[in-house]
Amino acid sequence: MVKILYNGVLRDATAEEQSEYDATQTAYTNNANSRKLAEIKEIRLQKLKETDYLANSDVTMPDYIKTWRQTLRDLPQNNTTESQYNTLLERNTNGSLKNSVWTKPTE
Amino acid sequence: MSKTTIPTGGITADAINGTLIADDAINSEHYTDASIDTAHIGDNQVTAAKATGVGGLAFISGSSSSSSHGTITLDNIFSSSYRNYIVIGDFTPATNNADIELRFRNSGGTQSDSEYQQHLTRYNADSDSRNTKRHDNVNSFRFSTVGLNNDTARVGLSFHIVLWNPNDSNVRGKIYVNGVGVDNGAQGFQFNGMGQYKGQSAHTGLIFFPASGNFSASNIKVYGVVDS
């Protein structure tokens, strides 16, 4: 039985509260893949935005940036399992993303 | 003339009236130099009625624990007494990388229908990148924007929330939150943003819960914003 903090008092959950707690935990677990994919798409969008300015008519987008942007766009179709999602979302101890696919190439 | 005692009945009712005391007879220093013994002001002597017009925040409820707990429920904190509220606190999940969620409660229990909407923005201390957490028609306010650190010394998330009209069933309850956290990689971040419950309901409370695991510590205070 999980403990809950109810109006400042720590006590055992009632059957109804336990059921509610279990339901939220189960939903979170069951939803792991879609949640991770959504996070990947969110990171991808940010990375694409960072180089959007290179698509302006007064600048030329280097080929290596074009290739990288296409790789980012293809991430969902090339990564479909939870294990692959975990690899993409892995972080260093300082919190930065570990997978090299997120790093903008320099040349 | 100096007297150190006054006989019983020596001062009759209303004997010392306004005309006998000059405006500056009791210098303001007596309010600050502790020469007025506060023990003479008993508990509950300064009532809300006497503070009318003062404004500020009225403490409503609080909750604090450093033992493991699965949820934090604060019931009967919203009422017709106040229109708007401030919730300030911090918590740390027991499991690293846990997301924290928030739901309203009313007399029927937790409101877990898909009426929540949000848009939060987060900036990590080690990056200029903006991260967002945007959801519509979901069954909770996804409060933390990123999985939190589980080190109680680092404190997973410290925050304050402004809530508008949570107890008014005629209008939507709205949320503005900002705070400081430490993510699962031990990186500090700041976040802020909006949320609302699109159904109209007289909310009476809140429940915070980790999407996975428990809280290892929490401390939350709720205040009503006094109209004045």
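Remember, it's a predicted structure, so these values are computed and weren't measured experimentally. Starting afresh in each chain, residues are numbered from 1 along the sequence in its written order. Numbering of ligands from 1 and lettering of chains from A proceed in the order in which they are written. Only residues with pLDDT of at least 70 are given local features in this predicted model, and only at 80 or more are side-chain atom pairs given and counted; all residues enter the totals for whole chains, interfaces and linings. The basis for every side-chain value is the complete set of non-hydrogen atoms in the structure, without hydrogens or water.

(A) Quick peek at the confidence of the model for chain B. Confidence of the predictor in every single residue is expressed as pLDDT, which spans 0 to 100. Per-chain confidence: chain B averages 88 in pLDDT, with 93% of residues scoring 70 or above. Among the prediction metrics, the complex's ipTM stands at 0.77, with pTM recorded as 0.75.

(B) Quick peek at the interface of chain B and chain A. Facing the 37 residues of chain B at the interface are 24 residues of chain A. Summed over both partners, the accessible area lost on bringing two parts together, with a 1.4 Å probe, is the buried area. Of the roughly 2,200 Å² buried between chain B and chain A on both sides combined, carbon and sulfur atoms contribute 39%. The three residues of chain B that bury the most area against chain A are Thr71, Thr73 and Ala211 of chain B, which together make up 17% of that side's buried surface. Throughout this description, the term salt bridge denotes a Lys or Arg side-chain nitrogen within 4 Å of a carboxyl oxygen of Asp or Glu. At the junction of chain B with chain A, the criterion picks out 0 salt bridges. Identification of polar contacts relies on pairs of N or O atoms within 3.5 Å, with a donor-acceptor requirement for protein atoms, meaning one able to donate a hydrogen and the other able to accept it, and with residues adjacent in sequence counted only if both atoms are side-chain atoms. The tally of links between chain B and chain A comes to 13 residue pairs in polar contact (both at pLDDT 80 or more). Segments assigned H or I by DSSP are reported as helices when at least four residues long, segments assigned E as strands when at least two residues long, and all are numbered from the N terminus. For the side of chain B that touches chain A, the secondary structure elements donating two or more residues are strand S1 (57–65), strand S2 (71–74), strand S4 (100–106), strand S7 (130–138) and strand S12 (205–210) of chain B. Whether two residues are in contact is decided by their heavy atoms: any pair within 4.5 Å suffices.

(C) Summary view of the pairing of S2 of chain B. Covered by surrounding structure in S2 of chain B are Thr71 and Thr73 of chain B together with Ile72 and Leu74 of chain B, the residues of both alternating faces. Paired strands, in this sense, are two strands between which DSSP finds at least two bridges. Inspection of the sheet shows strand S1 (residues 3–6) of chain A paired to S2 of chain B by 3 bridges, in the parallel sense. The partner of tyrosine 6 of chain A across the bridge, within S2 of chain B, is threonine 73 of chain B. Across 3 bridges, S2 of chain B lies against S12 of chain B in antiparallel orientation. Of the residues in S12 of chain B, the one forming a bridge with threonine 73 of chain B is isoleucine 207 of chain B. Burial classes: relative accessible area under 20% of the type maximum marks a residue as buried, over 50% as exposed, and values in between as partly exposed (1.4 Å probe, protein chains only).

(D) Highlighting empty space enclosed by the protein. Buriedness for pockets is judged along seven lines, at least five of which must meet protein on both sides within 12 Å for an open set on the 1 Å grid over protein atoms alone, while cavities are sets there where a 1.4 Å probe fits but cannot get out, and lining residues have an atom within 4 Å of a point. Grid points are joined across faces, edges and corners, and a volume is the space filled by probe spheres set on the points. Tallied over the entire structure, the rule returns 1 cavity of 30 Å³ or more. Approximately 40 Å³ is the volume attributed to the largest cavity. Every element with two or more residues in the lining of the largest cavity is listed here: helix H1 (15–30) of chain A together with S12 of chain B. Per-element accounting of the lining of the largest cavity gives the leading share, 3 residues, to H1 of chain A. Here the residues of the lining of the largest cavity sort into 3 nonpolar, 2 polar and 1 charged. Ten residue types, Ala, Val, Leu, Ile, Met, Phe, Trp, Tyr, Cys and Pro, are classed as nonpolar, four, Asp, Glu, Lys and Arg, as charged, and the remainder, Gly among them, as polar.

(E) Here's a closer look at the pattern of salt bridges. Residue and element names in this part refer to chain A. Overall, the coordinates contain 10 salt bridges over all chains when judged by the stated rule. Between lysine 3 and aspartate 12 there is a salt bridge whose closest N-O contact spans 3.2 Å. A residue is classified by how much of its surface remains accessible, and lysine 3, at 38% relative accessible area, is partly exposed. Look at aspartate 12 and you get partly exposed, because its relative accessible area is 42%. Aspartate 52 is the partner of arginine 69 in a salt bridge, and the nearest nitrogen-oxygen pair spans 3.0 Å. Here arginine 69, found in helix H3 (residues 63–73), pairs with aspartate 52, found in the loop between helix H2 (32–50) and H3; they are 17 residues apart in sequence, far enough to count as distant. For aspartate 52, a relative accessible area of 35% translates into the label partly exposed.

(F) A look at the layout of surface pockets. As a volume, the largest pocket reaches approximately 1,200 Å³. In terms of lining, the largest pocket is formed by 47 residues, of which the most central are Arg35, Lys36 and Glu39 of chain A together with Asp99 and Lys133 of chain B. Of all elements in the fold, only H1, H2 and helix H5 (82–89) of chain A together with S4, strand S6 (116–124) and S7 of chain B reach the threshold of two or more residues within the lining of the largest pocket. No other element matches H2 of chain A, which puts 10 residues into the lining of the largest pocket. Partitioning the lining of the largest pocket into residue classes produces 12 nonpolar, 20 polar and 15 charged. In this model, the second largest pocket occupies a volume close to 280 Å³. Around the second largest pocket sit 14 residues that line it, and Lys47, Arg91 and Leu97 of chain A together with Ser127 and Ser129 of chain B are the ones nearest its centre. Considering every element that reaches the lining of the second largest pocket, the biggest residue donor is H2 of chain A, with 4 residues. Taken together, the residues of the lining of the second largest pocket sort by class into 2 nonpolar, 7 polar and 5 charged.

(G) How the structure looks around H2 of chain A. To estimate the expected span of a helix, subtract one from its residue number and multiply by 1.5 Å. In a regular helix each residue adds 1.5 Å, so 19 residues correspond to 27 Å; H2 of chain A covers 27 Å between its end C-alpha atoms and thus fits that length. On its buried face, H2 of chain A is in contact with H1, H3, helix H4 (75–78) and H5 of chain A together with S7 of chain B.

(H) Quick peek at the side chain of lysine 47 of chain A. All names here are of chain A. Tracing the backbone through its elements, the reader meets lysine 47 in helix H2. We count Lys and Arg on the positive side and Asp and Glu on the negative side, and we leave His and both chain ends out. Buried charge without a partner: lysine 47 forms no salt bridge, and the closest opposite charge is glutamate 50, 4.6 Å away. Those residues in contact with lysine 47, other than ones at most four positions away along the chain, are Trp68, Leu72 and Trp102.

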